[in-house]
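Survey of secondary and tertiary structure
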Amino acid sequence: MLGNVLAETPGVFHAGELRFLWLNGVLGTGSNGRCGCGADLAACPLWSDVLNAVRPAGRTPAEHAADVVSWQATCRTRHTWRVRNRPAVGRWPETLAATYHAIAAATGARVVVDSSKYASDAALIAHLDGVRPAYVHLVRDPRGVAWSWLRPKDYTGRRGVLNSNWHWIGFNLAAEAVGRAHPETYLRMRYEDLTHDPRAAVARVLELIGSPGAVNPVAADGAVELGDNHTVTGNPNRFARGPTVIREDLGWRSGLPRDKRMLTTVMTFPLLQRYGYLRDM
């Protein structure tokens, strides 16, 4: 949602979870192969052009997609600390850089928002030629995250509470590692603060990306007019159009069973404290 809101600002394009373009869009083995425009990713004119622009001569789309997915294996969340200090091995770095440039050329965007959620890719961007990174580390209360993962979804799998907690801890520690390496271009923001005052939160992001004078797409009442987009994978809210009010999902407060809530609180306690969630207990 944050990416699509930012995309309502001139010069900003939201790519969605770009990392899954090849797995979902070409190979069709991921969780969702539809573009935000509604078409299959490989059939979408924009992504078709981008995929062709970065595909080497002599490789079929499927062959190149399989290559990319194998290269991505050297740049997962657990590799963030290594990648932060030096680029990942293989050809994923040059492919990612070429893809960003192809998107910019196809859309005319000055800023490409990639919401892939891999801190390793965030760390990698600092090593890419012709790309200036800015990082938004969006944090949500882990009890809300655990509740979200417990509910069945068509577009992704289901995680148990233990699995959700370990991933939440690992993803956030990895994102912090990137932030420590690039404090001048790093912004940590809580989901709860974003939903409480989306206009102010978006203003902070626009300042981070060097567009402080841009017209804020969020109105004073927290509503935004969402247009078409070309996002890869992600939450079904990417298909929303028209006037949209950004509100916090508070379902976990009554829906998350007490034992699972306590387990999550205990497991994530140090980061709960760091991120200011203890007052919400």
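Above this text you will find the structure in question.
Residues numbered from 1 in each chain as written. Predicted model: local features only at pLDDT ≥ 70, side-chain atom pairs only at ≥ 80, totals over all residues. Heavy atoms only, no water.

As a further point, take the packing of aromatic side chains. Per the counting criterion, the structure on display carries four aromatic pairs. For the ring pair W22 and W92, a centre distance of 5.8 Å and an interplane angle of 90° mean the geometry is edge-to-face. With W22 in helix α2 (residues 21-27) and W92 in helix α6 (residues 92-107), the pair connects residues that are 70 residues apart, well separated along the chain. Above the ring of W149, the side-chain terminus of R159 is found at 4.4 Å from the ring centroid. (Phe/Tyr/Trp six-rings, centres within 6.5 Å; stacked < 30°, edge-to-face > 60°. Helix = DSSP H or I, 4+ residues; strand = E, 2+ residues; numbered from the N terminus. Lys NZ or Arg CZ within 6 Å of the ring centre and 35° of its normal.)

A few words on the environment of N85. Its place among the elements puts N85 in helix α5 (residues 80-85). Separated by 76 residues in the primary sequence, N85 and T9 have C-alpha atoms spaced 33 Å apart. Separated by 3.2 Å, the side chain of N85 and the backbone oxygen of W81 make a polar contact. (Polar contact = N/O pair within 3.5 Å; in protein donor to acceptor, adjacent residues only side chain to side chain.)

Turning our attention to helix α11 (residues 198-208). In an α-helix there are 3.6 residues to a turn, and that puts residues three or four apart on one side. All buried positions along α11 are accounted for by P198, A201, V202, V205, L206 and L208. One side of α11 holds all its buried residues, which, seen down the axis, span an arc of 155°. The elements touched by buried residues of α11 are α1 (2-6), β3 (135-139), β4 (186-190) and α10 (191-196). Of the residues trailing α11, G210 is marked for its positive phi of about 85°. (Buried < 20%, exposed > 50% of the residue type's maximum accessible area, 1.4 Å probe, protein only. Arc of directions from axis to C-beta. Contact = heavy atoms within 4.5 Å.)

On to the packing of helix α8 (residues 142-150) against helix α9 (residues 161-181). For the pair α8 and α9, the least separation of the axes is 9 Å and the interaxial angle reads 130°. The angle between the axes of α8 and α9 places the two elements in the oblique class. For the pair α8 and α9, the crossing hand works out as right-handed. Contacts between α8 and α9 pair P142, V145, A146, W149 and L150 from the former with V161, S164, N165 and W168 from the latter. (Axes fitted to C-alpha atoms, helices over the stretch in contact; angles between N-to-C directions. Parallel < 35°, antiparallel > 145°, perpendicular 65-115°, else oblique. Left-handed = near helix turned anticlockwise from the far one by under 90°.)

To continue, consider a nonpolar patch on the surface. Side chains of L162, W166 and L263 sit close together on the surface and give an oily, nonpolar patch of about 330 Å² of accessible area. Here W166 lies in helix α9. Its relative accessible area of 57% is what places W166 among the exposed residues. (Patch = residues over 30% accessible without salt bridge, like charges linked within 9 Å, V, L, I, M, F, W, Y side chains within 5 Å. Areas by Shrake-Rupley, 256 points an atom, 1.4 Å probe, with all protein chains shown as cover. Salt bridge = Lys/Arg side-chain N within 4 Å of Asp/Glu carboxyl O.)

Two elements in contact, α9 and helix α13 (residues 258-267), have axes separated by 10 Å at closest approach and are oriented at 25°. Between α9 and α13, the crossing angle belongs to the class labelled roughly parallel. Helix-helix and strand crossings are classified by hand; for α9 and α13 the assignment is right-handed. Contacts from V161, L162, N165, W166 and I169 in α9 reach K260, L263, T264 and M267 in α13.

Moving on: the pattern of salt bridges. Following the criterion strictly, the structure yields 12 salt bridges and no others. A salt bridge links E176 to R274; the shortest N-O distance between them is 2.5 Å. Placement of the pair is E176 in helix α9 and R274 in helix α14 (residues 269-274), with a sequence separation of 98 residues. The salt bridge involving D228 is made with R241; its shortest N-O contact spans 3.1 Å. Within this pair, whereas D228 is found in the loop between β5 (223-226) and β6 (242-245), its partner R241 is found in the loop between β5 and β6, the two being separated by 13 residues in sequence. You can call R241 partly exposed: its relative accessible area is 32%.

Bringing the nonpolar core into the picture now. Burial of nonpolar side chains together is a common tendency in soluble globular proteins. With 39 residues, the main nonpolar core has L18, L21, W22, W47 and W92 as its most contacted residues. Looking at this core, the elements with two or more residues in it are β1 (12-16), α2, α3 (45-54), α4 (61-72), α6, α7 (119-125) and α9. If you tally residues by element for this core, the top one is α6, at six residues. Excluding its chain neighbours within four sequence positions, the residues that come into contact with W47 are F13, A15, L18, L21, C35, L41, I103, H230 and V232. Judged by nonpolar contacts, the second largest core, of 19 residues, contains V205, L208, I209 and I246. (Core = buried A, V, L, I, M, F, W, Y, C linked by side-chain atoms within 4.5 Å.)

Our next topic: the side chain of E192. Here E192 lies in helix α10. One buried charged residue, E192, forms no salt bridge at all, with the nearest opposite charge on R190 at 4.4 Å. Once residues lying within four places of it in the same chain are set aside, the contact partners of E192 are V139, R140, D141, E248 and Y277. (Lys, Arg positive; Asp, Glu negative; His and termini not counted.)

For α8, a buried count of eight out of nine residues is recorded, marking the element as mostly surrounded by other parts of the structure. Of all the positions in α8, only P142, R143, G144, V145, A146, W147, S148 and L150 are classed as buried. Buried residues belonging to α8 abut α9, α12 (251-255), α13 and α14.

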